[in-house]
Amino acid sequence: MSDLSDVIHILPTMKSGTELLSALEVLPEYDAAICDADAPVRLMALSDLYRVYVPNQMSLEIYSKLYLALMRSL
């Protein structure tokens, strides 16, 4: 990439609405069989809860501002 204007062609299009929400959302797989597992296994699986991310209004605004700031700087 020799020129910053080439970034425009590499960047994906700006997302909005439900498309943006689903792109930002992180939900780990849930296995219902974990309920029947031993306590140590359930505790290890509990750490997967820290990987959950449900976007809120602030993260949508940050995404928009960062994307638009990048486009303006080119």
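Structure shown above.
Here's what I pulled together on the structure shown here.

**A look at the overall build of the chain**
Logical step 1: What the chain contains, in helices and strands, is four helices and zero strands.
Logical step 2: Each helix and strand of the chain, ordered N terminal to C terminal, gives the series α-α-α-α.
Logical step 3: For the chain, the C-alpha radius of gyration of 19 Å lies well beyond 11 Å, the compact-globule estimate for 74 residues.
Logical step 4: When its C-alpha atoms are laid out on the principal axes, the chain stretches across 55 × 30 × 15 Å.
Logical step 5: Buried residues in the chain amount to 9% of all 74 residues.
Logical step 6: In the chain, the proportion of contacts linking residues at least 24 apart, taken out of those at least 6 apart, comes to 76%.
Logical step 7: Counting only carbon and sulfur atoms, one obtains 62% of the accessible surface of the chain, whose full area is about 6,200 Å².
Logical step 8: On the chain, the mean spot of the 5 positive side-chain charges and the mean spot of the 10 negative ones are 9 Å from each other.

**A look at the packing of helix H2 (residues 17-24) against helix H4 (residues 57-73)**
If you want to describe how two helices pack, look at the angle between their axes and the distance between the axes.
Logical step 1: Contact geometry for H2 and H4: axes closest at 11 Å, N-to-C directions at 100 degrees. One finds that H2 runs roughly perpendicular with respect to H4. Packed against H2, whose contacting residues are Leu20, Leu21 and Leu24, the element H4 presents Ser59, Leu60 and Tyr63 at the interface.
Logical step 2: Class assignment for the residues of the contact of H2 with H4 results in five nonpolar, one polar and no charged.

**Things to note about the pattern of salt bridges**
If charged atoms from side chains of opposite charge come close, those side chains can pair.
Logical step 1: Inspection of every chain in the model, using the stated rule, returns two salt bridges.
Logical step 2: Between Glu19 and Lys15 there is a salt bridge, and its shortest N-O distance comes to 4.0 Å.
Logical step 3: Residue classification places Glu19 among the partly exposed residues on the basis of a relative accessible area of 45%.
Logical step 4: Using a relative accessible area of 25% as the deciding quantity, one classes Lys15 as partly exposed.
Logical step 5: In this structure, Arg51 and Asp48 form a salt bridge, with 3.3 Å as the shortest nitrogen-oxygen distance.

Calculation notes
- Residues numbered from 1 in each chain as written.
- Predicted model: local features only at pLDDT ≥ 70, side-chain atom pairs only at ≥ 80, totals over all residues.
- Heavy atoms only, no water.
- Helix = DSSP H or I, 4+ residues; strand = E, 2+ residues; numbered from the N terminus.
- Rg over C-alpha atoms; globule rule 2.2 N^0.38 Å.
- Buried < 20%, exposed > 50% of the residue type's maximum accessible area, 1.4 Å probe, protein only.
- Contact = heavy atoms within 4.5 Å.
- Areas by Shrake-Rupley, 256 points an atom, 1.4 Å probe, with all protein chains shown as cover.
- Lys, Arg positive; Asp, Glu negative; His and termini not counted.
- Charge placed at Lys NZ, Arg CZ, Asp CG, Glu CD.
- Axes fitted to C-alpha atoms, helices over the stretch in contact; angles between N-to-C directions.
- Parallel < 35°, antiparallel > 145°, perpendicular 65-115°, else oblique.
- Nonpolar A, V, L, I, M, F, W, Y, C, P; charged D, E, K, R; others polar.
- Salt bridge = Lys/Arg side-chain N within 4 Å of Asp/Glu carboxyl O.

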